[in-house]
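Now for the letters of each chain:
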Amino acid sequence: METVQKNLETAIAKAAKIIRDGGLVAFPTETVYGLGANALNPVAVAKIFELKERPSFDPLIVHIASFDQLDDLVENVSDAVKLLADKFWPGPLTFVLPKTNKVPEIVTSGLATVGVRMPDNPIALELIRKAGCPIAAPSANKFGRISPTTAMHVKKQLPNVDCIIDGGKTSVGIESTIVFVEGDTCTLLRAGKITIEDIRESLPNNFKVIQHVSGEAISPGLLKSHYSPTKTLRILNSKTETLPEGSGLIVHEQNHILKAFAHKTIVTSPNMDYHQIAANLFSALHTMEDDPEITQIFIQPVEETGLGLALMDRINKAAHQYQK
Ligand code: TXA
Ligand code: MG
């Protein structure tokens, strides 16, 4: 298991005290940076909603560092959930489970369920252990905007946060997969690095693994527009489109023919490697957003298979408000 360096340890100890005292800490996970508070302190959790300008109907994910922390938070854990947690925790998989009354209503937006995950990042795990409480944390961005994959991305959007622990660039780059398991049905609420195929393979054959149908009220946070840059973002229709002046182009293969015509090009992966694209997607959007010479951003789509489902979910939502 990875350990954290000495100076980081001091930073984590300070951050853990801030959490215990009811403050907010931005910290790295393997997916994106989170904005954390003591999940059992409703006043502290309220500060997350305030700082993020997040609507109160959008529930938070609670982060734990050991399996026994589940007992306080959830009523019961089915065998199927145990199976998946054993296989994928610590890791980018969140379970929506029936909550105990120890979990404040503000964390779950009044729902009877709570989202829980054990992140696969040594800093996050150490912070949770040192704080001595589960940590509620959404992504550390303003509501609806691009998720942060570096400490600088957090600072840009949330300059007033009490503390940011800099753990470098996050490795996965997109948020956790979220599932809801009921009886012998497992519903994918949000696509992520752990794909629907990964989950299907891990459960007994009698399980149905289905994708959430948007519009159903099971996950109030699944909005159509999310992850948005402050500049117009369009999804390329073809490789031959003409790019206007001031265009920033994000592509996922080295020899994309439009590269020559863009003011600035970011290649997230030389050869359509979906894991690399995920790791670099939000950071590419941040770079384009921050460049004063870029007036609009174009992005190449990917196929909606495997991890491509999660990538197109983020890309479609980021571009949604700019669609004509
Ligand atoms: O990778 C991640 O999951 C990151 C890192 C920080 O852990 N967190 C994250 O949190 O993406 P956030 O707040 O950006 O997204 C949480 C989403 C909500 O918008 C909602 O869709 C879903 O999780 N969610 C949380 N609790 C839920 C519940 N009880 N029922 C249904 N959906 C829930
Ligand atoms: Mg988010």
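Quick note: structure is the one above.
Because the structure is a prediction, the values reported are computed rather than measured. (Residues numbered from 1 in each chain as written. Chains lettered and ligands numbered in written order. Predicted model: local features only at pLDDT ≥ 70, side-chain atom pairs only at ≥ 80, totals over all residues. Heavy atoms only, no water.)

Enquirer: Just checking my understanding: could you explain the overall build of the chain for this structure?
Expert: Across its full length, the chain holds 10 helices and 14 strands. Here the C-alpha atoms of the chain give a radius of gyration of 19 Å, agreeing with the 20 Å that 2.2 N^0.38 yields for 324 residues. Dimensions of the chain along its principal axes, counting C-alpha atoms only, are 55 × 50 × 35 Å. Within the chain, contacts between residues separated by at least 24 positions form 67% of all contacts whose residues are at least 6 apart in sequence. Surface accessibility of the chain: about 14200 Å² in total, with carbon and sulfur atoms responsible for 51%. Distance from the positive charge centre (32 side chains) to the negative charge centre (36 side chains) of the chain: 4 Å. (Helix = DSSP H or I, 4+ residues; strand = E, 2+ residues; numbered from the N terminus. Rg over C-alpha atoms; globule rule 2.2 N^0.38 Å. Contact = heavy atoms within 4.5 Å. Areas by Shrake-Rupley, 256 points an atom, 1.4 Å probe, with all protein chains shown as cover. Lys, Arg positive; Asp, Glu negative; His and termini not counted. Charge placed at Lys NZ, Arg CZ, Asp CG, Glu CD.)

Enquirer: Would you take a moment to explain the sheet that holds strand S4 (residues 93-98) for this structure?
Expert: Neighbouring strands of a sheet are bound in pairs by backbone hydrogen bonds; such pairs are parallel or else antiparallel. Taken together, 10 strands build an open sheet; the order of strands is S7-S1-S2-S6-S3-S5-S4-S8-S9-S10 and the sheet is mixed. The open sheet terminates on both sides in strands that have one partner only, identified here as strand S7 (163-164) and strand S10 (208-211). Of the pairings in the sheet, the one linking S4 to strand S5 (residues 113-117) comprises 4 bridges and is antiparallel in character. In the strand pairing of S5, Phe95 is matched with Val116. Strands in contact with helix H2 (residues 42-52) are strand S2 (34-38) and strand S6 (135-136); relative to S2, the strand with the most contacts, it is inclined by about 155°. (Pairing = 2+ DSSP bridges. Axes fitted to C-alpha atoms, helices over the stretch in contact; angles between N-to-C directions.)

Enquirer: What am I meant to see in the state of the cysteines here?
Expert: Here, disulfide denotes a covalent bond that connects the sulfur atoms of two cysteines. One pass over the full model with this rule turns up 0 disulfides. Residue Cys133 stays outside any disulfide, its sulfur separated by 14 Å from that of Cys163, the closest cysteine. Assessed through its relative accessible area of 5%, Cys133 is described here as buried. (Disulfide = S-S within 2.5 Å. Buried < 20%, exposed > 50% of the residue type's maximum accessible area, 1.4 Å probe, protein only.)

Enquirer: Explain the packing of aromatic side chains to me, please; I cannot follow it from the model alone.
Expert: Each aromatic ring pair is specified by the distance between its two centres and by the angle formed by the two planes. Considering all chains together, one arrives at 3 aromatic pairs under this definition. Ring geometry for Trp89 and Phe95: centres 5.3 Å apart, planes at 65°, overall edge-to-face. In this structure Phe95 comes out as buried when scored by relative accessible area, which is 1%. Clustering of aromatic rings is evident, with ring pairs tying together Phe67, Trp89 and Phe95. (Phe/Tyr/Trp six-rings, centres within 6.5 Å; stacked < 30°, edge-to-face > 60°.)

Enquirer: I would appreciate a short explanation of helix H4 (residues 79-88) in the present structure.
Expert: Each full turn of the α-helix corresponds to 3.6 residues, which orients residues three or four apart in the same direction. Regarding H4, the residues found buried are Ala80, Val81, Leu84, Ala85 and Phe88. One side of H4 holds all its buried residues, which, seen down the axis, span an arc of 130°. In H4, those exposed residues whose orientation departs by more than 90 degrees from the buried face are Asp79 and Asp86. Elements in contact with the buried residues of H4: S4, strand S8 (177-182) and helix H8 (196-202). (Arc of directions from axis to C-beta.)

Enquirer: Even after reading the chapter, I still don't get the site of ligand 1, so can you show me in this structure?
Expert: As a structural note, the neighbourhood of ligand 1 is formed by 26 residues, with Thr31, Arg54, Asp58, His63 and Ser176 the closest of them. Contact between ligand 1 and Arg117: an oxygen atom at 3.0 Å from a side-chain N or O atom of the residue. Here Arg190 contributes a side-chain N or O atom positioned 2.9 Å from an oxygen atom of ligand 1. When ligand 1 sits alone it has 680 Å² of accessible area, and the protein chains cover 98% of it. The set of elements that each furnish at least two residues to the shell around ligand 1 consists of strand S3 (61-63) and S5. When residues in the shell around ligand 1 are grouped by element, the largest group, 4 residues, is from S5. (Near = heavy atom within 4 Å. Polar contact = N/O pair within 3.5 Å; in protein donor to acceptor, adjacent residues only side chain to side chain.)

Enquirer: Any chance you could explain the environment of Tyr33 here in plain terms?
Expert: Mapping Tyr33 onto the fold places it in the loop between strand S1 (25-27) and S2. The class for Tyr33 is buried, based on a relative accessible area of 0%. Separated by 131 residues in the primary sequence, Tyr33 and Ile164 have C-alpha atoms spaced 9.3 Å apart. A polar atom in the side chain of Tyr33 sits 3.0 Å from the backbone nitrogen of Gly167.

Enquirer: How should the side chain of His63 be read in this particular structure?
Expert: You can see His63 is positioned in strand S3. Since its relative accessible area comes to 4%, His63 is described here as buried. Polar side-chain contacts of His63 include one of 3.3 Å to the backbone oxygen of Ile61. Apart from residues no more than four positions distant in its own chain, His63 is found in contact with Arg117, Pro119, Ile128, Pro134, Ile135 and Ala137.

Enquirer: Any chance you could explain the sheet that holds strand S12 (residues 247-251) here in plain terms?
Expert: Here 4 strands make up an open sheet; going across it, the order is S11-S14-S12-S13 and the pairing parallel. In the strand order of this sheet, the two ends are held by strand S11 (232-235) and strand S13 (264-267), each with one partner. Strand-to-strand twist across the sheet, computed as the mean angle between neighbouring axes with direction ignored, equals 20°. By the bridge criterion, 4 bridges tie S12 to S13 in an arrangement that is parallel. Among the inter-strand pairings, Leu249 is bridged to a residue of S13, identified as Thr265. Along the sheet face, helix H9 (residues 274-290) touches S11, S12, S13 and strand S14 (296-299) and points at about 170° away from the line of S13. With respect to the sheet, helix H10 (residues 308-320) is in contact with S11 and S14, its orientation differing from that of S11 by roughly 135°.

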